[in-house]
Amino acid sequence: MLFLQSLQLVQFKNYSHQTFRFEGPVTAITGANGIGKTNVLDAIHYLCFTKSYFQSGDGMNVQHGMQGFRIEGQFTLAGEALPVSIVLRETGKKEVSCNGSLYEKFSHHIGRFPCVMIAPDDVELIIGGSEMRRSFLDTVLSQMDAVYLQQLISYNKILQQRNSFLKSCAQTQTRNNALLDVLDEQLIAAGTYIFTKRNDFLPGFNEQVLQFYSSIAGKAEPVAVTYESKLRETSLENLLQQCREKDYQLQRSTTGVHRDDLYFSMNDEPFKQTASQGQRKSLLFSLKLAEAEVLKQQKGFAPLLLLDDVFEKLDQERMHNLLNYVCSQFGGQVFLTDTHPERMKNAFADMQIPLQLIELG
Ligand SMILES: Nc1ncnc2c1ncn2[C@@H]1O[C@H](COP(=O)(O)OP(=O)(O)OP(=O)(O)O)[C@@H](O)[C@H]1O
């Protein structure tokens, strides 16, 4: 089992110096709004992904008025102690190490300590733009497959080069098809790998989502997740050829796996438009738990589950179903936050599941 035994924070968000020790598989962190509950979960996310779940820049996470931060976590996996440390130096340089060895590339750390976060604003995954859904898919696949992450990094780099090249062509009013051919060849190699992995992944994932949805909602509702990609109709090579003229004119790459999306439906109707708020939340949880489940199957051990403010999100029955699953059947370490310690204590006492309660403030 992957287990985080302790966490030390130095100058991280509202924490100057703080140590947390985790004693059992389920830890609840409680306290008033703004006390720093989510920040603890985000620090754990940092340890697993080398970055914040919420802020894109590392600097935003340094305690106000300070320079640099340090996050240290003591993990154990299959009996082996694995300390992980993330340091943001005063210069802005970030260093990530595991077991005393510094990573040359942070991407090599991804997937070693799998983790799934569920946070209040994640419902945007259902109702927001396609970028969040692609990022969700990429987060799952990158944790499962290091080659996928490398291909994704390459794809994004080549895409940027291609877009800069298209802009420079417009500025100089020139065209260079030979150079575009070279970029396209590289984009096709990475893009086709990404498409194949996404396409192969979706049917099994869809099955998992459907199962979780039924158990959270307490009844079977025909929800479905479908992968939308132009590459399902023809090759990326053909698509790039077909769009070349348009790309020159619009000065950007209008086709490729960076335009893919996930489509959610219920009774063959678009989920976004027909589902109630409760149904959206159930789908969100189903997607995240399906992510956790596929990671567990692939790794052979459960990822960490970080559930921020979950009690605010579902009615009591759905919440009970969800907690029962994640805390007694899932078999991994779970961290929850809530503003009401009593609510947590009572819910876990009812379910007869041991709980470590950390009350902040
Ligand atoms: N860089 C920073 N330096 C110092 N404090 C920070 C920094 N970033 C955030 N904070 C503080 O962290 C607190 C918010 O923490 P967090 O989001 O973890 O609260 P929470 O307990 O989860 O609240 P809620 O119950 O409302 O979700 C705020 O008081 C905010 O001022």
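Chains are numbered independently. Their residues run from 1 in the order of the written sequence. Local features in this predicted model are restricted to residues of pLDDT 70 or higher, and side-chain atom pairs are both shown and tallied only at a pLDDT of 80 or more, whereas totals for entire chains, interfaces and linings draw on every residue. With hydrogens and water stripped out, all remaining heavy atoms of the structure feed into the side-chain values.

A short note on helix H5 (residues 177-217)
At step 1: To get the bend at a residue, fit one axis to the 7 residues ending there and another to the 7 starting there, then take the angle between the axes. Runs of H or I in DSSP of at least four residues are treated as helices and runs of E of at least two as strands, each being numbered from the N terminus. If you look at H5, its biggest bend is around 35°, right at Leu-202, and the proline Pro-203 turns up within four residues after that.
At step 2: For H5, the side-chain oxygen to backbone nitrogen distance between the N-cap and Ala-178 is 3.3 Å, and the N-cap itself is Asn-176.
At step 3: Once H5 finishes, Gly-218 follows within two positions and takes phi at roughly 80°, a positive value. Here a polar contact is taken to be a pair of N or O atoms separated by no more than 3.5 Å, where protein atoms must pair a possible hydrogen donor with a possible acceptor and residues adjacent in sequence count only if both atoms sit in side chains.

Regarding the sheet that holds strand S1 (residues 2-12)
At step 1: Here six strands make up an open sheet; going across it, the order is S2-S1-S4-S5-S6-S7 and the pairing antiparallel. The open sheet is flanked by strand S2 (15-21) and strand S7 (101-102), the only strands paired with a single partner.
At step 2: In this analysis, strands are considered paired if DSSP registers two or more bridges between them. In the sheet, strand S4 (residues 69-77) pairs with strand S5 (residues 80-88) via nine bridges, with the strands oriented antiparallel. Bridge assignment links Leu-77 to a residue of S5, and that residue is Glu-80.
At step 3: Here, two residues are considered to be in contact whenever any of their heavy atoms come within 4.5 Å of each other. Fitted lines through C-alpha atoms give the axes, limited to the stretch in contact for helices. The angle between two N-to-C directions lies from 0 to 180 degrees. Strands in contact with helix H1 (residues 37-49) are S1, S2, S4, S5 and strand S6 (94-98); relative to S1, the strand with the most contacts, it is inclined by about 110°.

As for the domain arrangement of the protein chain
At step 1: Partitioning the protein chain into structural domains gives domain 1 (1-114 + 303-361) and domain 2 (125-300).
At step 2: At the interface, 21 residues of domain 1 touch 24 residues of domain 2.
At step 3: By definition, the buried area sums, over both parts, the 1.4 Å-probe accessible area that each loses when the two are put together. Where domain 1 abuts domain 2, roughly 1800 Å² becomes buried across the two surfaces, and 64% of that area is made up of carbon and sulfur atoms.
At step 4: Summed over the shared surface of domain 1 and domain 2, the result is seven residue pairs in polar contact (both at pLDDT 80 or more).
At step 5: For the side of domain 1 that touches domain 2, the leading source of residues is helix H10 (residues 316-329), giving six residues.
At step 6: Its residues assigned to classes, the side of domain 1 that touches domain 2 comprises 13 nonpolar, five polar and three charged. Just so you know, the domain bounds were taken from an automatic or database domain assignment. Think of it as three bins: nonpolar holds Ala, Val, Leu, Ile, Met, Phe, Trp, Tyr, Cys and Pro, charged holds Asp, Glu, Lys and Arg, and polar takes everything else, Gly as well.

A closer look at the side chain of Lys-94
At step 1: Residue position: Lys-94 is located in strand S6.
At step 2: Among the polar contacts listed, one links the side chain of Lys-94 to the backbone oxygen of Thr-50, at a separation of 2.6 Å.
At step 3: If we skip the residues at most four places from it in the chain, Lys-94 touches Tyr-46, Thr-50, Lys-51, Asp-58, Ile-86, Val-87, Leu-88 and Phe-106.

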